[in-house]
Amino acid sequence: KVSYGDYFTSGTTSVFKFDPAIIDPREKLSTTGGEVSYTFDGSVTLSADYKQHRYDIAGAADYFGGRLSYSSPRAGFGAAYHRMDGVTDRLKYDEYRADAAKKFGTLDLSADYFIVRYEAAIDGIRDAYAAVLAGGFDFTKLVRLAADVEYARNPFYKEDVRGLVKLVYDF
């Protein structure tokens, strides 16, 4: 259960301030669901999940789908599809995701692409998406430099670019 008025508050930090035109602070959400998965040969996993969303204001929505992925100590990739089937336009969409990661000795790279295709355009946007590229280099077993960049477009942000560079020292 989530009470948006309690969850998104500036009392904790200014990061959680929100625009009431986007998120109604009176909204409350109850979510229930589950996931089943099976791993074949220790490296290929197939999963299916379902979540029932009950919003006090926005109404009901069912979220369901699946994912197929492969993972090994040096590489991994996956693809997923989910459907949100709700009573309002914001809660009616198809969601697609693809990701991949590869380790090259002390260097690792990863990519993630996520797209949401709304049944009806929201604020002029029918396809919302995000693409993330990330990488890291281990200088030693204790020192690592990593960076990522994300580009996104959705009904709330017409264009959003973010980046992060970090130096990690494991002591």
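Reading guide: rules and limits
Residues numbered from 1 in each chain as written. Predicted model: local features only at pLDDT ≥ 70, side-chain atom pairs only at ≥ 80, totals over all residues. Heavy atoms only, no water. Helix = DSSP H or I, 4+ residues; strand = E, 2+ residues; numbered from the N terminus. Buried < 20%, exposed > 50% of the residue type's maximum accessible area, 1.4 Å probe, protein only. Contact = heavy atoms within 4.5 Å. Core = buried A, V, L, I, M, F, W, Y, C linked by side-chain atoms within 4.5 Å. Phe/Tyr/Trp six-rings, centres within 6.5 Å; stacked < 30°, edge-to-face > 60°. Pairing = 2+ DSSP bridges. Salt bridge = Lys/Arg side-chain N within 4 Å of Asp/Glu carboxyl O.

Draft legend 1. Just the overall build of the protein, in detail. Looking only at helices and strands, the protein features one helix and 10 strands. Secondary structure elements of the protein occur, N-terminal to C-terminal, as β-α-β-β-β-β-β-β-β-β-β. The 171 residues of the protein split such that 23% are buried. Long-range contacts, defined here as pairs at least 24 residues apart, represent 31% of the contacts in the protein between residues at least 6 apart.

Draft legend 2. Structural view of the nonpolar core. Tyr4, Leu29, Tyr55, Ala61, Tyr63, Met84, Leu91, Tyr93, Val116, Tyr118, Ile122 and Ala128 together form the largest nonpolar core, which totals 12 residues. Considering each element in turn, this core owes the most residues, three residues, to strand S7 (residues 107-122). If sequence neighbours within four positions are ignored, Ala128 has contacts with Phe114, Ile115, Val116, Tyr118, Arg153, Asn154 and Pro155.

Draft legend 3. Examining the packing of aromatic side chains more closely. This model, assessed by the stated rule, comprises eight aromatic pairs. Geometrically, the ring pair formed by Tyr93 and Tyr118 is edge-to-face, given 5.6 Å between the ring centres and 70° between the ring planes. With Tyr93 in strand S6 (residues 92-104) and Tyr118 in strand S7, the pair connects residues that are 25 residues apart, well separated along the chain. Residue Tyr93 is classed as buried on the basis of its relative accessible area of 13%. An aromatic cluster is built from Tyr113, Tyr129 and Tyr151, whose rings are joined through pairwise contacts.

Draft legend 4. Representation of the pairing of strand S10 (residues 160-169) in the model. Of all 10 residues in S10, one are buried; the element is thus mostly exposed. Here strand S9 (residues 143-153) pairs with S10 via 10 bridges, running antiparallel. Looking across to S10, one finds that Ala146 is bridged to Lys166. The turn joining S9 and S10, which pair antiparallel and follow one another in sequence, is formed by six residues.

Draft legend 5. Molecular detail of the pattern of salt bridges. Applying the stated criterion across every chain, the model contains 12 salt bridges. Note that Arg144 is salt-bridged to Asp138, the shortest N-O span being 2.9 Å. Take Arg144: its relative accessible area is 24%, and that puts it in the partly exposed class. Among the ionic contacts, a cluster of salt bridges with common partners joins Arg83, Asp85, Asp94 and Glu119.

Draft legend 6. Focus on the pairing of S6. Bridge count for strand S5 (residues 75-86) against S6 is 11 bridges, and the pairing is antiparallel. Counterpart to Ala75 in the pairing with S6 is Lys102. Here 12 bridges tie S6 to S7, and the two strands are oriented antiparallel to one another. Residue pairing in the sheet places Glu95 in a bridge with Val116 of S7. Linking two consecutive strands that pair antiparallel, namely S6 and S7, is a turn of two residues; a positive phi of about 65° is found at Gly105 within it.

Draft legend 7. Just the side chain of Ser69, in detail. Positionally, Ser69 belongs in strand S4 (residues 59-71). On the basis of relative accessible area, Ser69 is assigned to the buried category, the value being 18%. Setting aside its immediate chain neighbours within four residues, Ser69 contacts Ser43, Val44, Thr45, Phe77 and Gly78.

Draft legend 8. Spotlight on the side chain of His53. Looking at the element boundaries, His53 is found in strand S3 (residues 44-55). Among residues more than four places away in sequence, those in contact with His53 are Leu29, Ser30, Thr31, Gly59, Ala60, Ala61, Tyr63 and Met84.

Draft legend 9. Summary view of unusual backbone geometry. Its identity as a non-glycine residue notwithstanding, Asp41 has a phi of 55°, on the positive side. Following the sequence through the fold, Asp41 ends up in the loop between strand S2 (28-40) and S3. Phi is positive for Asp123, which is not a glycine, with a value near 55°. Relative to the assigned elements, Asp123 resides in the loop between S7 and strand S8 (125-138).

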